[in-house]
Amino acid sequence: MVVNMGPQHPSTHGVLRLKVRTDGEIVSDVYPVIGYLHRCFEKHAENLTYDQVIPFTDRCDYLASMNMNFGYVVAVEELMDIKVPERVEYIRIIMGELNRIASHLLALGVYGLDIGAFTPFLYMFRDRERILDMFELVCGARLLYNYMWVGGVSHDLPVDFIKNTFNFLDYFEPKVKEYNDILTYNKIFIERTADIGVLPPEVAISYGVSGPNLRASGVKWDVRRDEPYSIYDKFNFDIPVGEGKMGSVGDCWDRYWVRMREIEESCKILRQALKDIPESGDVHSMIPKKIRPPKGSVYRRTESPRGDLGYYIVSDGSPVPFRLKMRSPAFTALSVFGELSKGWMLSDIIAILGSLDIVLGEIDR
Amino acid sequence: MTFEEIKSAITAKFSDAVLENPEGEENAIYLDSRSWSKIALFLVSDKDLFFNQLECLTGMDLGSETSLEVRYNFHSMEHRHKVEIRLTVDRKDPKIPSVEQIWRMADWFEREAYDMYGIVFEGHRDMTRILCPDDWEGWPLRKDYEVQDTYHGIVVPKIKEGWE
């Protein structure tokens with residue numbers, strides 16, 4: 001029997017349609033149909049100047065806009081050979097890691113919601129809200145920031161931001177234990193996720209799966225450490241990988257667990273960055289008057305909360321990109337979904353899809 | 001391995017297939033698309049190269065008078081080296097061998113390149129549009145693309161000249 005799921009379905013995290021072929025309760029094939037949010041970002045980019053593209057990157061992955069900005073500006077700066085001031089580098093890393101925490105909190109909370117645990121979702125949103133309030137103080141927007149510009153950031157940090165962020169970390173770090181108690185080690189949650197949807201590392205690499213999903217399969221690969229960009233090589237942090245604590249390596253629980261551990265690691269990076277950030281400095285000093293990269297091309301990938309976010313930019317020397325390609329991490333994560341869900345029960349499909357943490361805005365672009 | 005070593009390793013095996021780079025393009029290898037399936041297998045199976053990860057697959061239109069291009073960014077998780085391969089595709093008859101069964105990631109990325117440029121990847125098992133609707137007309141990311149006026153009776157808004 002073929003079951004149609006979506007395009008409007010509470011567990012598809014956006015507008016995704018799944019054609020599910022089932023044999024009784026067992027799923028034999030899943031065919032994702034995407035494109036409902038397609039607005040051809042890449043065509044838009046070919047008609048906009050380099051700085052006008054930044055707000056469009058926000059709207060791709062609207063849950064981690066800072067990281068989307070970050071990847072784009074790093075790629076353009078590499079193409080133009082710009083070295084940004086140290087304070088800007090620190091501000092970017094602080095914003096990127098705060099946004100990673102916010103994005104993971106949403107991913108984990110909504111994952112609980114998919115499985116049927118409503119309370120953890122509210123706990124995590126309570127804390128995510130505090131991060132969004134901080135972003136609002138910094139740049140005036142809660143979700144779509146347009147904060148990182150080529151060569152700098154749009155505003156310097158507000159007064160007392162560093163003190164407030166330390167206060168937030170003091171408040172937030174003990175909360176991770178609370179999440180673990182309420183969801184991670186919950187018997188029902190483990191029953192629903194452990195040993196479900198096991199993704200072997202070779203399959204993950206072949207499908208280009210990246211980020212937490214790849215690390216959950218036991219591959220110790222993180223762009224922040226292995227191909228450092230910005231000043232990530234200055235910080236000490238661990239790279240959590242899936243260990244198969246509750247089942248086998250690469251199951252849904254591992255993917256969940258890696259994200260939870262990454263929140264702790266992001267807090268570690270934040271503490272180091274907040275301690276070392278230069279007291280003052282002009283965040284606008286290196287912003288070019290006109291962005292006109294020399295002829296050439298660049299492929300740069302960065303670590304967004306969902307994985308390797310790559311920008312391939314081709315410049316013909318004009319103020320408009322000749323070609324801009326975004327390699328979206330959620331796109332590859334969804335492409336493995338068909339392979340991953342074969343042979344599981346219909347209800348496990350929800351658990352597997354949620355554990356991949358996809359954002360349809362970025363898949364469809 | 002450095003870029004030169006990778007290039008000479010490919011040239012040693014497939015001397016006819018490695019093409020000369022156009023002026024000003026130095027950081028990529030241009031290959032003849034007719035031998036692409038063999039070279040692709042070599043890239044992933046050779047022990048010293050072992051490009052097990054396809055990072056990115058980009059379709060390109062170099063301008064309405066010239067040809068199309070497909071660019072592959074490869075990375076080796078084991079050896080930590082990377083390379084960019086470029087293949088030229090004829091605009092009138094855009095056909096190129098598929099590598100979808102070697103790197104599974106290419107499955108959706110080739111479909112995307114087909115959707116946006118009309119490049120047909122021969123041997124792909126499901127060569128259909130992925131982001132646009134199946135009955136959409138034209139190839140949106142080509143430089144000479146013109147939007148259709150209506151789609152099922154709905155007027156398609158056009159991009160205005162010069163964003164203000």
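Structural data are supplied above this passage.
Residues numbered from 1 in each chain as written. Chains lettered and ligands numbered in written order. Predicted model: local features only at pLDDT ≥ 70, side-chain atom pairs only at ≥ 80, totals over all residues.

Caption draft 1: Representation of the nonpolar core within the structure. Counting 142 residues, the largest nonpolar core has V76(A), I352(A) and I119(B) as the members making the most contacts within it. Apart from the residues within four sequence positions on either side, I352(A) is in contact with I196(A), G197(A), C252(A), F337(A), L340(A), S341(A) and W344(A). (Core = buried A, V, L, I, M, F, W, Y, C linked by C-beta atoms within 7 Å. Buried ≥ 20, exposed ≤ 12 C-beta atoms within 10 Å, placed from the backbone. Contact = placed C-beta atoms within 7 Å.)

Caption draft 2: View of the packing of helix α5 (residues 119–139) of chain A against helix α6 (residues 161–172) of chain A. All names here are of chain A. Between α5 and α6, the shortest axis-to-axis distance is 11 Å and the interhelical angle comes to 175 degrees. Here α6 runs roughly antiparallel to α5, going by the angle between their axes. Contacts from D127, R130, M134, L137 and V138 of α5 reach α6 at F161, N164, T165, F168 and F172. (Axes fitted to C-alpha atoms, helices over the stretch in contact; angles between N-to-C directions. Helix = DSSP H or I, 4+ residues; strand = E, 2+ residues; numbered from the N terminus. Parallel < 35°, antiparallel > 145°, perpendicular 65-115°, else oblique.)

Caption draft 3: Highlighting the interface of chain A and chain B. With 26 residues of chain A in contact, the opposing surface of chain B contributes 22 residues. Sorting the residues of the side of chain A that touches chain B by element identifies α1 (41–45), α9 (201–206), β6 (296–304), β7 (307–315), β8 (323–327) and α13 (329–335) of chain A as the ones contributing at least two each. Counted by class, the side of chain A that touches chain B contains 9 nonpolar, 9 polar and 8 charged residues. (Nonpolar A, V, L, I, M, F, W, Y, C, P; charged D, E, K, R; others polar.)

Caption draft 4: Seen up close, the environment of G247(A). All names here are of chain A. Considering the arrangement of structural elements, one finds G247 in the loop between α11 (223–226) and α12 (252–276). Spatially, the C-alpha atoms of G247 and A194 are 5.0 Å apart, while their sequence positions differ by 53 residues. Beyond its immediate chain neighbours, meaning those up to four positions away, G247 contacts A194, D195 and W253.

Caption draft 5: Examining the pairing of strand β5 (residues 82–89) of chain B more closely. All names here are of chain B. For strand β2 (residues 29–31) and β5, the ladder comprises 3 bridges, and the chain directions are parallel. Across the sheet, the residue bridging to I29 is I85, located in β5. In this antiparallel pair of consecutive strands, strand β4 (residues 68–75) and β5, the connection spans 6 residues, and R80 shows a positive phi of 55 degrees. (Pairing = 2+ DSSP bridges.)

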